[in-house]
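Spelled out from the first residue to the last, the chains are:
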Amino acid sequence: MQTFYIILLIWALLAVTTFFVLFFISAPYGRHYKKGFGPSINGTAGWIAMEAPAVIIFALMYTTGYCLDIYSIALLFMWELHYVHRTLIYPLRRRNTLKPMPILIVLFGMIFNGINGLLNGYWIYHLEDGCSGKWVPALFFLVGTAVFITGFIINLTADEKLLKLRRQRGVEYQIPQGGLYRYVTCPNYFGEIVEWIGFAIASLSPAALVFALWTCANLVPRALSHRAWYRAHFPNYPKDRKAIFPFLL
Ligand code: NDP
């Protein structure tokens, strides 16, 4: 039990460190792809391999926990909804548009997703008496689930807009317009952060809170890099568009 919290603390400190590092080095995939990070693989295969550990390890934690209460099943459903989409539907729908991905990034991603699946699943289904979902107050669960679903829809809608742009206009980048793009450069990242904050509220899990912290650590610096990239490439890029949090940052 104590070991688990020590590991979680180390994992949280690593998130904070990563947050600062990513202001200096953008993860080299997508528009920030650079040579010099070793060999690359096909982007679709890369995304599937990178995200699959989150699907498998969380499901393994659930099946070995024997938790049949409604909260435990709902948390499983939320996690797998996000990750089955991210592992299979997202990359397969983009199979003709995804750029190659450095194997190094894929390996980091696999470790990252594996650890998150393990810590989150272990906390919910195994720690203390197991099946911690049983004692989550209904109010937290309902509010958290509503926040999670809102974030999921924002993330999905924003990613969909980018996919549409790619299909309509080819490999050239365009300035996305409409919806939350009126306010921020990366509503997909904003939605992802909202989702995991929702999951943390719904599960009242410190592991989920650390995961939300990691999501911010990964996506806030990247959103700022994206906005800097748009500003450098499009002189007409809307000046008042925030990077990730509407009206704030
Ligand atoms: P991006 O917004 O950088 O790109 C998403 C896709 O849209 C890519 O295929 C990209 O192409 C394409 N695209 C981006 N901008 C444009 C444009 N202006 N015109 C046309 N096409 C465009 O997102 P990421 O690839 O970084 O992330 C994808 C998903 O994964 C997001 O939903 C994100 O929230 C999630 N994610 C979650 C993380 C976490 O820590 N939980 C970490 C990283 C991602 P190209 O690749 O060629 O730029």
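In what follows, the accompanying structure is described. (Residues numbered from 1 in each chain as written. Predicted model: local features only at pLDDT ≥ 70, side-chain atom pairs only at ≥ 80, totals over all residues. Heavy atoms only, no water.)

1. Examining the packing of helix H4 (residues 103–125) against helix H7 (residues 206–233)
Our working rule: As a rule, the C-alpha atoms of each element are fitted with a line to give its axis, helices using only the stretch in contact, and angles between N-to-C directions run from 0 to 180 degrees. The helix and strand labels rest on DSSP assignments: H or I over at least four residues marks a helix, E over at least two residues marks a strand, and numbering proceeds from the N terminus. Relative orientations are named as follows: roughly parallel for angles under 35 degrees, roughly antiparallel for angles over 145 degrees, roughly perpendicular for angles from 65 to 115 degrees, and oblique for any other angle. Whether two residues are in contact is decided by their heavy atoms, any of which lying within 4.5 Å being enough. Residue classes follow a fixed rule: Ala, Val, Leu, Ile, Met, Phe, Trp, Tyr, Cys and Pro count as nonpolar, while Asp, Glu, Lys and Arg count as charged, and any other residue, Gly among them, counts as polar.
Following both chains from N to C, one finds H4 and H7 inclined at 155°, their axes separated by 8 Å at the closest point. When the axes of H4 and H7 are compared, the pair comes out roughly antiparallel. From H4, Phe112, Asn116, Leu119, Asn120 and Trp123 reach across to H7, where they touch Pro206, Ala207, Ala208, Phe211, Trp214 and Asn218. Looking at the contact of H4 with H7 residue by residue, the class counts come to eight nonpolar, three polar and no charged.

2. What about unusual backbone geometry?
We count it as follows: We call a residue buried when its accessible area falls under 20% of the maximum for its residue type, exposed when it is over 50%, and partly exposed in between, using a 1.4 Å probe and counting protein chains only.
Here tyrosine 66, not a glycine, exhibits a phi torsion of approximately 50°, which is positive. With respect to the helices, strands and loops of the structure, tyrosine 66 is situated in the loop between helix H2 (43–65) and helix H3 (70–93). A relative accessible area of 71% places tyrosine 66 in the exposed class.

3. Things to note about the side chain of threonine 87
To be explicit about the condition: Polar contact criterion, stated in full: a pair of N or O atoms within 3.5 Å, where within protein one must be able to donate a hydrogen and the other to accept it, and residues adjacent in sequence count only if both atoms are side-chain atoms.
Mapped onto the secondary structure, threonine 87 falls in helix H3. Judged by its relative accessible area of 4%, threonine 87 is buried. Polar contacts involving the side chain of threonine 87 include one to the main-chain carbonyl oxygen of glutamate 51, which spans 3.5 Å. In terms of polar contacts, threonine 87 uses its side chain to reach the backbone carbonyl oxygen of tyrosine 83, at 2.6 Å.

4. Here we look at the site of the ligand
Our working definition: We define proximity as follows: a residue is near a molecule or strand when any one of its heavy atoms falls within 4 Å of that partner. Only the protein chains shown count as cover for residues, and the accessible areas themselves come from Shrake-Rupley with a 1.4 Å probe.
In the vicinity of the ligand, 26 residues are found, and the nearest of them are Tyr29, Asp159, Tyr173, Gln174 and Tyr189. Between the ligand and glutamate 192, the relevant distance is 2.9 Å, taken from an oxygen atom to a side-chain nitrogen or oxygen of the residue. In the model, a nitrogen atom of the ligand is placed 2.8 Å from a nitrogen or oxygen of the tyrosine 230 side chain. Within the complex, the protein chains bury 94% of what would otherwise be the 890 Å² of accessible surface of the ligand. Of all the secondary structure elements, the ones that give two or more residues to the shell around the ligand are H3, helix H5 (138–169), helix H6 (187–203) and H7. Examining the composition of the shell around the ligand, we find that six residues originate from one element, H7, more than from any other.

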